[in-house]
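Fold and contact review
Listed below are the residues making up each chain.
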Amino acid sequence: PASAQQAEPDAEAFAAMAAMFQAEPLDAEQQARLPLAQTIVDKIIPEGSLGEMMGSMFDRILAPIMQMASQAPRGELAQQLAIEPGELALGDEEIIEAADILDPVRLERNQRIASVMPTLMGRLMDAMEPPMRKAMAEAYAVSFNDRELADIDAFFSTAP
């Protein structure tokens, strides 16, 4: 049921985070460089690419880690028993059996978590991408002069 809920990003949390990273307003020169800087950022980070990257990263890196963690849940079982993992004098099969007794739905829960994580992380990246792209464009407009931006744009405009 929790995974079915469509939780919206916490506006207060985003506002608090944004307040930590306040940048000086762009001056007129920097503002004039902003369109070219935005063009460069569009080439470096095409729209939607962060969500795609997170999905492929999850599939290749995080999913196998989650799978390993659910196979022999020594740490999880130790936590439920309020002992240190090293104190469990059990083999992997016994740990799995004990974990299944104490938490009979753990595998199903872990599978459901693993199935929704890529979507949730993709939504997070989709929400983060526009402000990140804007910040990068502003950083380029501040950090590079007209000629440097033209050179950067020329570089990213070349065929791969």
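Residues numbered from 1 in each chain as written. Predicted model: local features only at pLDDT ≥ 70, side-chain atom pairs only at ≥ 80, totals over all residues. Heavy atoms only, no water.

Moving on to the packing of aromatic side chains. Applying the stated rule across the entire model yields two aromatic pairs. Arranged with centres 5.0 Å apart and planes meeting at 85°, the rings of F155 and F156 form a pair that is edge-to-face. (Phe/Tyr/Trp six-rings, centres within 6.5 Å; stacked < 30°, edge-to-face > 60°.)

The subject of this paragraph is the nonpolar core. Counting nine residues, the largest nonpolar core is built from L26, L34, A37, I40, V41, A137, A141, L149 and I152. Elements represented by at least two residues in this core include exactly α2 (28–44), α6 (106–143) and α7 (146–157). Among the elements that take part in this core, α2 stands out by supplying four residues, more than any other. Beyond its immediate stretch of four places on either side in the chain, V41 contacts R133, M136 and A137. (Core = buried A, V, L, I, M, F, W, Y, C linked by side-chain atoms within 4.5 Å. Buried < 20%, exposed > 50% of the residue type's maximum accessible area, 1.4 Å probe, protein only. Helix = DSSP H or I, 4+ residues; strand = E, 2+ residues; numbered from the N terminus. Contact = heavy atoms within 4.5 Å.)

Per the stated rule, a full pass over the model turns up eight salt bridges. Across the pair R106 and D100 runs a salt bridge whose closest N-O atoms are separated by 3.0 Å. Overall, R106 belongs to the buried group, its relative accessible area being 1%. You can call D100 partly exposed: its relative accessible area is 29%. Two residues, R112 and E108, come together in a salt bridge whose shortest N-O distance is 2.8 Å. One end of the pair is R112 and the other is E108, both in helix α6 and four residues apart, which spans about a single turn. R112 gets classed as partly exposed once you look at its relative accessible area, which sits at 48%. Assessed through its relative accessible area of 40%, E108 is described here as partly exposed. (Salt bridge = Lys/Arg side-chain N within 4 Å of Asp/Glu carboxyl O.)

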